[in-house]
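In case you want the letters, here they are:
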Amino acid sequence: ETLDKGLEKSKSSFLSKMSKAVAGKSKVDDEVLDDLEDVLVSSDVGVATTIKIINRIEDRVARDKYLGTEELNKILREEISGLLSETNSGEATDFVVPNKKPYVMMVVGVNGVGKTTTIGKLANQFKNRGLKVVLGAADTFRAAAIDQLQVWADRTDVPIIRQEMGSDPASVAFDTVQKAVQMDADVVLIDTAGRLHNKVNLMKELSKVKRVMQKVIPDAPHEVLLVLDGSTGQNAFEQAKQFTAATEVTSLAVTKLDGTAKGGVVIGISDQFQIPVKYIGVGERVEDLQVFNKIEFVDSFFK
Ligand code: GDP
């Protein structure tokens, strides 16, 4: 119900565009496919994934000789579910973490995408499930980043490990995992700086943060979560490209889906980069983070 509400904009817009694309048409022909292509691209599904979807529908039209437009929603839904299933195999509906103690998540993404907010929301969810959480303020580039994380630490009442602005992010990460082990913590969330204008530095910094953590926990980080703003379309694709080049990203959080009419980013980025979407942000409040459920997500588009 909250997902439906959060995604209302994506839903109404996608469905209304779809119905315009097929208005007055009984069968799926080249013109309908062209219009469908426009609908998918303008919903931020991304060109590569759109072409993939269109090709699959063309194959079905060729195979079955005839495809009525009233069946198009159903077919499209099957194809999109199929694509999402390739990367999002699990049916996780709760905030669970794998059995590693502590489970270390390194959180990456550029400023403004909702990285700090997502960390705060996650801390809250994990804590509510009885897990002991520690935050690490390894985005030392901006004083505001450290302060904002502190606000979330206070709000959710979880410990935060921080140093002065400008200190070595790797040193903060090291401190954080070391303290987490001492405190017998369950989950560690490490905030990192995301300055894309200097790609080589970004790569170096993230590898150093990882390397240093591994002195304490050899297989850390267990997860590298990339946070993307779902309302930024092409920028989100570009950021995914840059971060996947800089480090091994293992999961995605797509934020601000409440504020966009184009939730297609979720489908395109997951497909193009073959990374599962783990969480979606649907508002600014602490409870406005959801575990991504592909079935509910696709339903919310097509119901
Ligand atoms: P950071 O710079 O990446 O750490 O970004 P912040 O976490 O500070 O978030 C930037 C802004 O986006 C803040 O005003 C947040 O309240 C807002 N924000 C974060 N996630 C969401 C979301 O899912 N929906 C909406 N509407 N706003 C969000």
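These numbers come from a predicted model, not from an experiment. (Residues numbered from 1 in each chain as written. Predicted model: local features only at pLDDT ≥ 70, side-chain atom pairs only at ≥ 80, totals over all residues. Heavy atoms only, no water.)

Peer 1: Even after reading the chapter, I still don't get the environment of Thr-116, so can you show me in this structure?
Peer 2: Structurally, Thr-116 is set in helix 6 (residues 115-128). Taking the C-alpha atoms as reference points, Thr-116 and Phe-174, 58 residues apart in sequence, are found 19 Å from one another. (Helix = DSSP H or I, 4+ residues; strand = E, 2+ residues; numbered from the N terminus.)

Peer 1: How do you make sense of the sheet that holds strand 8 (residues 289-291) when you look at a structure like this?
Peer 2: Adjacent strands of a sheet pair through backbone hydrogen bonds, lying either parallel or antiparallel. Within the open sheet, the eight strands sit side by side as 3-2-4-1-5-6-7-8. Their pairing is mixed. Here the strands that pair on one side only, and so sit at the sheet edges, are strand 3 (160-161) and strand 8. In this sheet, strand 3 lies alongside strand 2 (residues 133-138) in parallel orientation, the contact comprising two bridges. Residue pairing across strands places Leu-135 opposite Ile-160, the latter belonging to strand 3. Docked against the sheet, helix 8 (residues 169-182) engages strand 1 (103-108), strand 2, strand 3 and strand 4 (187-192), running at close to 170 degrees with respect to strand 2. Strands in contact with helix 11 (residues 264-273) are strand 5 (223-229), strand 6 (251-255) and strand 7 (277-281); relative to strand 6, the strand with the most contacts, it is inclined by about 160 degrees. (Pairing = 2+ DSSP bridges. Contact = heavy atoms within 4.5 Å. Axes fitted to C-alpha atoms, helices over the stretch in contact; angles between N-to-C directions.)

Peer 1: Even after reading the chapter, I still don't get the environment of Ile-217, so can you show me in this structure?
Peer 2: Position of Ile-217 among the secondary structure elements: in the loop between helix 9 (199-213) and strand 5. Considering only alpha carbons, one finds Ile-217 and Pro-276, 59 residues apart in sequence, at a separation of 24 Å.

Peer 1: Any chance you could explain the packing of aromatic side chains here in plain terms?
Peer 2: Geometrically, a pair of aromatic rings is defined through the distance of the ring centres and the angle of the planes. A full pass over the atoms with the stated rule returns three aromatic pairs. Residues Phe-95 and Phe-126 carry aromatic rings whose centres are separated by 6.4 Å and whose planes lie at 85 degrees to one another, so their mutual orientation is edge-to-face. Placement of Phe-95 in the loop between helix 5 (69-87) and strand 1 and of Phe-126 in helix 6 is noted, with a sequence separation of 31 residues between them. You can call Phe-126 buried: its relative accessible area is 0%. Here Phe-95 and Tyr-279 contribute two aromatic rings whose centre-to-centre distance is 5.6 Å and whose plane-to-plane angle is 5 degrees, an arrangement assigned as stacked. Residue Phe-95 is located in the loop between helix 5 and strand 1, and its partner Tyr-279 is located in strand 7; the two are separated by 184 residues in the primary sequence. The exposure classification of Phe-95 matches that of Tyr-279, with both residues buried. Put simply, the rings of Phe-95, Phe-126 and Tyr-279 touch in pairs and so form one group of aromatic residues. Across the ring face of Trp-152, the terminal group of Arg-155 is positioned such that the distance to the ring centre comes to 4.2 Å. (Phe/Tyr/Trp six-rings, centres within 6.5 Å; stacked < 30°, edge-to-face > 60°. Buried < 20%, exposed > 50% of the residue type's maximum accessible area, 1.4 Å probe, protein only. Lys NZ or Arg CZ within 6 Å of the ring centre and 35° of its normal.)

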